[in-house]
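Below are the chains, spelled out letter by letter.
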Amino acid sequence: MSSTVFQPLTLPNKSVLPNRLAKAAMEENMAIEGHLPGDAMFKLYRAWATGGTGLLITGNVMVDHRAMTGPGGVALEAETSLEPFKKWAEAGTQNGTQLWMQINHPGRQVYAAMGGQVLSPSDIALDMGKHSKLFGKPKPMTEEEILELIERFAMTAARAIEAGFHGVQIHAAHGYLISQFLSPLTNLRDDAWGGSLENRARLLYEVVKAVKARLPESAAVSVKLNSADFQRGGFDADDAKQVVKQLSELKVDLVELSGGSYESPAMQGNTADGSTLAREAYFLKFAEEIAHNTAMPIMTTGGITRLPIAEQVLEAGVDIVGMGRALAFTPDLSNKWQDTADAKANLPEIEWKDKTLGALAVMAVTKRQLQRMGQGKAPKPNVSPFFALVADQMRLKKLTKAYRKRYNFA
Ligand SMILES: Cc1cc2nc3c(=O)[nH]c(=O)nc-3n(C[C@H](O)[C@H](O)[C@H](O)COP(=O)(O)O)c2cc1C
């Protein structure tokens, strides 16, 4: 009998996802000059689209080139040429695959070496212990900047759909700007955008409304949300439940549940507050509870690499199984599961004492696989994490220098 993961799902906007498997967003850092997707990105997305996963969510695309999550990132703004994005959409929609663009603003999670704008609801800088200096001190946003930001999200979303993407995902997780507004640790404002949960979530709701107002009804609108920040006093599970309820009222098509931030990398299975996450499908317990209380489709991402776990996620009432790293190491894992139920993605175990460097090594080893696929090569799971990290840092340093020089940032 065919696995439950291969059953289609109709979303509230009536579009149909061919199966229950989704590639979660993974920033590629592979953009060409002008923050544009190029040939390597097209090759990479073609590989994923032909790999059998029903929904592909792109790595985060910036709504403003002056604030980038990292060098080599993609940005889609009012003046950006749409041609490369049409090619990207063409590659990622092969095989009947649904393709959504994740749109994001980093807020305070901007590397100091990058420069540019470091904005946040308040002036609270990242606390990463001895690595804190890697990030700039943020400037609290003015009301005008908040309104401009909402408009930017709506405009990027509209242009993504114009280019041929089927939907967008608003990134409200992992400690980026919208997530900074949601958290009482980073949002100390006493105006309409801070204080109560309703106020802290106002930016997210306004972005969702503005995006929906600008898109055709056939386009999917999704939100990626933390089930919790996993920091004492931060955005917690009860807050997340309230926000999900409101997003359902706003007729969002899918909420993806993840968790954590740079300060507390729960999305990689490690938390700063010592919470215990499941060893596989990290956020399943929370997602299950949410899924039982809402008709809106729910997806959970984090730690899933095996078909029996993917099936367990669906049995728990969650609608979509999100996978990041598994599909970086095995881009056709979904096809493989059609034939071999015990096909597994071989993720390397990276357990370093310095959690920050360990998290960077995980990212570096994973990105190495994306770059290989962009060159038409197969992934190579056994690359040395140490050498991958050094090579990644050198590559990022070069890209960072070029970014700074291009915009003349001080
Ligand atoms: C290299 C890399 C880049 C990532 N970039 C993004 C991103 O752009 N947006 C996002 O929401 N999550 C991003 N993530 C987090 C993943 O979407 C996912 O939540 C996380 O990796 C846990 O899922 P997994 O265990 O299946 O990999 C990234 C993860 C990795 C490893």
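Summarised in this report is the structure supplied together with it. As the structure is a computational prediction, the values presented were derived from the model and not from experiment. (Residues numbered from 1 in each chain as written. Predicted model: local features only at pLDDT ≥ 70, side-chain atom pairs only at ≥ 80, totals over all residues. Heavy atoms only, no water.)

Quick notes on the overall build of the protein
Next, step 1: Each helix and strand counted, the protein has 13 helices and 14 strands in total.
Next, step 2: A compact globule built from 410 residues would reach a C-alpha radius of gyration of about 22 Å, and the protein, at 19 Å, matches this within 12%.
Next, step 3: In terms of its C-alpha atoms, the protein occupies a principal-axis envelope of roughly 55 × 45 × 45 Å.
Next, step 4: The proportion of buried residues among the 410 residues of the protein is 59%.
Next, step 5: Taking the contacts inside the protein whose residues are at least 6 apart along the sequence as the reference set, 70% of them involve residues at least 24 apart.
Next, step 6: For the protein, the exposed area adds up to about 16700 Å²; of that, 52% sits on carbon and sulfur atoms. (Helix = DSSP H or I, 4+ residues; strand = E, 2+ residues; numbered from the N terminus. Rg over C-alpha atoms; globule rule 2.2 N^0.38 Å. Buried < 20%, exposed > 50% of the residue type's maximum accessible area, 1.4 Å probe, protein only. Contact = heavy atoms within 4.5 Å. Areas by Shrake-Rupley, 256 points an atom, 1.4 Å probe, with all protein chains shown as cover.)

Side note on the pairing of strand β13 (residues 298-301)
Next, step 1: Going residue by residue along β13, you find Ile298 and Thr300 tucked away on one face and Met299 and Thr301 tucked away on the opposite face as well.
Next, step 2: Bridge analysis of strand β12 (residues 254-258) against β13 gives 3 bridges, and the strand direction is parallel. Bridge assignment links Leu257 to a residue of β13, and that residue is Thr300.
Next, step 3: Each parallel crossover has a hand, and for β12 linked through helix α8 (residues 284-292) to β13 it is right-handed. (Pairing = 2+ DSSP bridges. Right-handed = clockwise from strand over helix to strand, strands pointing away.)

Focus on the side chain of Asp319
Next, step 1: Take Asp319: it is sitting in the loop between α9 (307-315) and β14 (320-323).
Next, step 2: No salt bridge forms around the buried Asp319; measuring N to O, its nearest opposite-charge neighbour Arg20 is 4.6 Å away.
Next, step 3: In this structure, Asp319 is in contact with Leu9, Arg20, Met296, Pro297, Ile298 and Leu314, ignoring residues within four places of it in sequence. (Lys, Arg positive; Asp, Glu negative; His and termini not counted. Salt bridge = Lys/Arg side-chain N within 4 Å of Asp/Glu carboxyl O.)

Brief notes about the packing of aromatic side chains
Next, step 1: Applying the stated criterion across every chain, the model contains 12 aromatic pairs.
Next, step 2: Over the face of the ring belonging to Trp48 we find Lys23, whose NZ or CZ atom lies 4.4 Å from the ring centre. (Phe/Tyr/Trp six-rings, centres within 6.5 Å; stacked < 30°, edge-to-face > 60°. Lys NZ or Arg CZ within 6 Å of the ring centre and 35° of its normal.)

Some remarks on the pattern of salt bridges
Next, step 1: For the coordinates displayed, the defined rule picks out 21 salt bridges.
Next, step 2: A salt bridge links Glu83 to Lys86; the shortest N-O distance between them is 3.4 Å. Taken as a pair, Glu83 and Lys86 lie in helix α2 (residues 83-92) at a separation of 3 residues, close to a single helical turn.
Next, step 3: Lys86 gets classed as partly exposed once you look at its relative accessible area, which sits at 36%.
Next, step 4: Here Asp354 ties to Lys130 by a salt bridge, and the two come within 3.4 Å at their closest N and O atoms. Here Asp354 is found in the loop between α11 (333-339) and α12 (355-374), whereas its partner Lys130 is found in the loop between β8 (119-120) and β9 (139-140), with 224 residues between them in sequence.

So, helix α13 (residues 385-407)
Next, step 1: For α13, with 23 residues, the first-to-last C-alpha span of 32 Å sits near the 33 Å given by 1.5 Å per residue.
Next, step 2: Those residues of α13 that sit buried are Ala388, Leu389, Asp392, Leu396, Thr400 and Tyr403.
Next, step 3: Taken together, the buried residues of α13 touch α12.
Next, step 4: Two residues or fewer past α13, Asn408 is found with a positive phi of approximately 60°. (Expected span 1.5 Å × (residues − 1).)

Here we look at the pairing of strand β10 (residues 167-172)
Next, step 1: Counting buried positions along β10 gives 6 out of 6 residues, so the element sits mostly inside the fold.
Next, step 2: Burial of the side chains of β10 extends over both faces: Gly167, Gln169 and His171 are buried on one face and Val168, Ile170 and Ala172 on the other.
Next, step 3: Summarising the sheet, β10 and strand β11 (residues 220-226) pair through 6 bridges and their orientation is parallel. In the strand pairing of β11, His171 is matched with Lys224.

Here's the deal with the site of the ligand
Next, step 1: Lining the immediate environment of the ligand, one finds 20 residues, of which Ala25, Gln102, Gly303, Gly324 and Arg325 sit closest.
Next, step 2: In the environment of the ligand, an oxygen atom lies 2.8 Å from a nitrogen or oxygen atom belonging to the backbone of Gly324.
Next, step 3: Here Arg325 contributes a side-chain N or O atom positioned 2.6 Å from an oxygen atom of the ligand.
Next, step 4: Summarising the interface, the protein chains cover 96% of the accessible area of the ligand, which totals 600 Å² for the free molecule.
Next, step 5: Here the shell around the ligand gets 3 residues from one element, more than from any other, and that element is α12.
Next, step 6: Its residues assigned to classes, the shell around the ligand shows 6 nonpolar, 10 polar and 4 charged. (Near = heavy atom within 4 Å. Polar contact = N/O pair within 3.5 Å; in protein donor to acceptor, adjacent residues only side chain to side chain. Nonpolar A, V, L, I, M, F, W, Y, C, P; charged D, E, K, R; others polar.)

Quick look at unusual backbone geometry
Next, step 1: Phi is positive for His174, which is not a glycine, with a value near 55°.
Next, step 2: The residue His174 is located in the loop between β10 and α4 (177-182) in this model.
Next, step 3: We classify His174 as buried; its relative accessible area is 10%.

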